[in-house]
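# Analysis of the macromolecular model
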Amino acid sequence: MEKIYPIEKIRDIGFIAHIDAGKTTTTERVLFYTGITHKIGIIDEGTTIMDWMAQEKERGVTITSAATTCFWTPTHREKDSQNEYRINIIDTPGHIDFTAEVQRSLRVLDGAVVIFDGVAGVESQSETVWRQADKYKVPRMCFINKMDRLGVDYEKAFKSILERLTPNALAVNIPIGAESKFEGVIDLITMKAIYFEGEQGEIISVKEIPADLMDKAKEYRKVFIEKIAEQDVEVLTDYLEKEIEPSEDKIREILRKATIAGIIIPVFCGSSFKNKGIQPLLDGIIEYMPSPLDLPPVQGIHPKTGEAIVCPPDDKAPFAALVFKVANDPYVGTLNYFRVYSGVFKKGNYLLNASKSSQERIGRLLQMHSNKREELEEIRAGDIAATVGLKNTNTGDTLCDPNHPVILEKIEFPEPVISIKVEPQTKADQEKMSLVLKKLSEEDPTFTAKSDQETSETIISGMGEFHLEILVDRMKREFNLNVKTGRPQVAYKETIRKTVESEGKYIRQSGGRGQYGHVLLRLEPLERGKGFEFVDIIKGGVIPKEYIPAVEKGIKEALEKGILAGYPISDIRVTLYDGSFHEVDSSDFAFKIAGSMAFQDGAKRASPVLLEPIMKLEVVIPEQNLGDVTGDISSKRGMIESIGERTMMKIILAKVPLAEMFGFATKLRSLTEGRGVFTMEFDHYQEVPDNITQEIIGKEVA
Ligand code: GDP
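Computed from a predicted model, the values in this text were never measured in an experiment.

## Concerning the packing of aromatic side chains
- Inspection of the entire model under this criterion finds eleven aromatic pairs.
- Between the aromatic rings of phenylalanine 32 and tyrosine 33, the centroid separation amounts to 5.4 Å while the plane-to-plane angle is 65°, which identifies the pairing as edge-to-face.
- Its relative accessible area of 23% is what places phenylalanine 32 among the partly exposed residues.
- In textbook terms, an aromatic cluster arises when at least three aromatic residues are bridged by ring pairs, as seen for Tyr154, Phe158 and Tyr220.
- Here the guanidinium or amino end of lysine 207 rests over the ring plane of tyrosine 195, the centre of that ring lying 5.1 Å away.
- Taking NZ or CZ as reference, arginine 522 lies 4.9 Å from the ring centre of tyrosine 577, over its face.

## A few points about the site of the ligand
- Among the 15 residues in the neighbourhood of the ligand, the closest are listed as Asp20, Lys23, Thr24, Thr25 and Asp148.
- Backbone polar atom of lysine 23 to an oxygen atom of the ligand: 2.7 Å apart, as the coordinates give it.
- Residue threonine 25 places a side-chain N or O atom 2.5 Å away from an oxygen atom belonging to the ligand.
- Expressed as a share of its isolated accessible area of 580 Å², the protein-covered part of the ligand is 73%.
- Per-element tally for the shell around the ligand: the top contributor is helix H1 (residues 23–41), with three residues.
- The class makeup of the residues in the shell around the ligand is three nonpolar, seven polar and five charged.

## Re the pairing of strand E4 (residues 111–117)
- Of all the seven residues making up E4, seven are buried; the element is thus mostly covered by neighbouring parts of the structure.
- Residue alternation in E4 divides its side chains into two sets, Gly111, Val113, Ile115 and Asp117 and Ala112, Val114 and Phe116, and both sets are buried.
- Judged from the five bridges that link them, strand E1 (residues 10–17) and E4 form a sheet pairing that is parallel. Across the sheet, phenylalanine 15 pairs through a bridge with valine 113, a residue of E4.
- Bridge count between E4 and strand E5 (residues 140–145): six bridges; the pairing is parallel. Bridge assignment links alanine 112 to a residue of E5, and that residue is arginine 140.

## Re helix H15 (residues 626–635)
- Those residues of H15 lying buried are Val629, Thr630, Asp632 and Ile633. Buried residues along H15 cover an arc of 155° about the axis, so they all sit on one side. Exposed positions of H15 whose direction lies more than 90 degrees from the buried face are Gly627 and Ser635.
- The positive-phi residue at the C-terminal boundary of H15 is arginine 637, with phi of around 60°.

## Description of the environment of glycine 121
- Take glycine 121: it is sitting in the loop between E4 and helix H5 (124–135).
- Once you skip the residues sitting within four places of it in the chain, glycine 121 turns out to touch Phe116, Ala157 and Ser160.

## What about the environment of glutamate 163?
- Within the element layout of this structure, glutamate 163 appears in helix H6 (residues 154–164).
- A sequence separation of 14 residues divides glutamate 163 from arginine 149, and the C-alpha atoms of the two residues are 23 Å apart.

## Considerations on the sheet that holds strand E32 (residues 515–525)
- Strand order across the open sheet formed by four strands is E31-E32-E34-E33, with mixed pairing between neighbours. Edge positions in the sheet fall to strand E31 (500–508) and strand E33 (532–536), since each has one partner strand and no second. The average undirected angle you get between the axes of adjacent strands in this sheet is 25°.
- Here E32 pairs with strand E34 (residues 572–580) via eight bridges, running antiparallel. Within E34, the position partnered with arginine 522 by the bridge is threonine 575.
- Across the sheet, helix H14 (residues 588–605) is in contact with E31, E32 and E34; its angle to E32 comes to roughly 35°.

## Focus: the side chain of glutamate 360
- Note on placement: glutamate 360 falls in strand E18 (residues 358–361).
- For glutamate 360, a relative accessible area of 10% translates into the label buried.
- A polar side-chain atom of glutamate 360 sits 3.3 Å from a polar atom in the side chain of threonine 393.
- Setting aside its immediate chain neighbours within four residues, glutamate 360 contacts Asn349, Tyr350, Leu351, Gly389, Leu390, Lys391 and Thr393.

The rules behind the values
Residues numbered from 1 in each chain as written. Predicted model: local features only at pLDDT ≥ 70, side-chain atom pairs only at ≥ 80, totals over all residues. Heavy atoms only, no water. Phe/Tyr/Trp six-rings, centres within 6.5 Å; stacked < 30°, edge-to-face > 60°. Buried < 20%, exposed > 50% of the residue type's maximum accessible area, 1.4 Å probe, protein only. Lys NZ or Arg CZ within 6 Å of the ring centre and 35° of its normal. Near = heavy atom within 4 Å. Polar contact = N/O pair within 3.5 Å; in protein donor to acceptor, adjacent residues only side chain to side chain. Areas by Shrake-Rupley, 256 points an atom, 1.4 Å probe, with all protein chains shown as cover. Helix = DSSP H or I, 4+ residues; strand = E, 2+ residues; numbered from the N terminus. Nonpolar A, V, L, I, M, F, W, Y, C, P; charged D, E, K, R; others polar. Pairing = 2+ DSSP bridges. Arc of directions from axis to C-beta. Contact = heavy atoms within 4.5 Å. Axes fitted to C-alpha atoms, helices over the stretch in contact; angles between N-to-C directions.

Structure follows, in structure tokens:
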């Protein structure tokens, strides 16, 4: 029976970083140290050495799993089970350009550790993630890594955080030495030097601060204590009037509160690679990152009535969980990872997928640890776990108590707006391509794949050029599937602007049995985003019921290839209001053709128009580049909606046609010397201006 951790002893966190800053290495070190304590602390009788070694081989797999659970007791506390905490590490995407993935992970974690390369300091991607985390109000702490690297400069890196990300950054420990002489850290709370000894830095040795670093340590301590004191009137008065400094416990208490409120961002340092500084970072995660209890409860809605439902972090509340990742695991199959917000659930029972209105029996509950997969009997509020074998459950779905249906604030995924053609390179590639594409689109709700019946081409669609590039790269690395790709194309659509009526007749009398299908349709424009509606108002059996689905099918097929430039038609209602049939010659086939013909004829006369995806653009830039960047956006048919400020940067919000945005990343980089960052997501479809339509149609014909 697994040990139950009360919810205040749970930390659901993620490590986020610019690529190469050391996220993987740091996670590995964290799992290593937490693994040792767990083994020493609790003797797990069921685990033999052989078992452990066999499972160790899977380590590579579980480390990269969507969520890993580990345990830690802060080093300054007694090592008893009262002081042991559970940390659930939620994997965050390596490539922060995937808005959906970033949103998804920021949505389910309660706090984040942002890792920096001590040589590079703040890099462009760290800035992007930082702004995203600001938006979701995620409490954060920082880790300045790679203190052993040649050219490392702690002060410069720390200053880059202060200047580029937040004035609230506050050093909690500082390095002893640098580069090959990096030895340990000075803890500014205890004013002690901490060294990491033993082969893997697992032995912590606490000593006095070296004499040559005393002045520097005092300087940092002064800033530290002042900032802490400012948070609490009593502490501040004692400090200013009587020069009394707060106790270690009081400091931790204040720092915890301020970090959770985002008023202070604690900064740690170390070298994951050299096994130095990880244990204090772990202590910090426990001490300063929120438990699910520290944050406001999540809000959901009733799937039928739409009424608001609060899901408190409480075992006694009805069960509610959010699926944040669907992953294919080579050992167990399709895993659905979810975060539990409320309640307790025992395996073997039923859960309602409220987003899909379907019930499923949950046969297995799994939790991933660094070296093993644990089968759980039950899960409770605050837990992160996975289940196997759910049908029809996707990322973003809510799993809940069937008697208390709720849909948690849904993760909104943007529509795919960019497409490219993919062509398998060999016969073997061709054979596995559709399976691979299916797997990838199950994992990623913003990725779709479709094959064109006529041309037998396969088109994949996603949220941006980079998104598709990464997916193509994954096909190669993970599935050994090689494809040739075409140029990225904007996913245009078509629609109509006028209501028209039209007639379609498919009548053939060529000896033997003929063909007879005859329909009258009304085509009407619908509001943006409404898709396609088919209405049947046939009376008196002028077309027998059995042929009506065939008419609809014919129209649907015609919708896929528009009349202007072959893009799918949407936002249209088609009403079947009249027609006729023939006792002998009528067939599904004839009515399907008649439906398709009538539709195409009508659509041509209904003032067809192209629709293009308009993106919501957020650009964060230094103030001095404001003019250049707004100018560039305006020249791209962009509409600037607001210019705001967030921690020392200007934020432009705008709506821009996607078609104009190719190459924007490069342009922005050159306009802002690499400091500008942007995120972009689909907002809505809008009519393409006439002059531009001509260009697009011209291109299609050529
Ligand atoms: P990720 O892309 O953020 O997951 O980064 P990795 O953990 O894969 O690290 C990227 C590179 O930096 C690897 O070559 C690591 O060995 C190296 N690295 C990570 N941490 C440190 C460190 O503390 N010091 C040094 N010198 N190199 C490090």
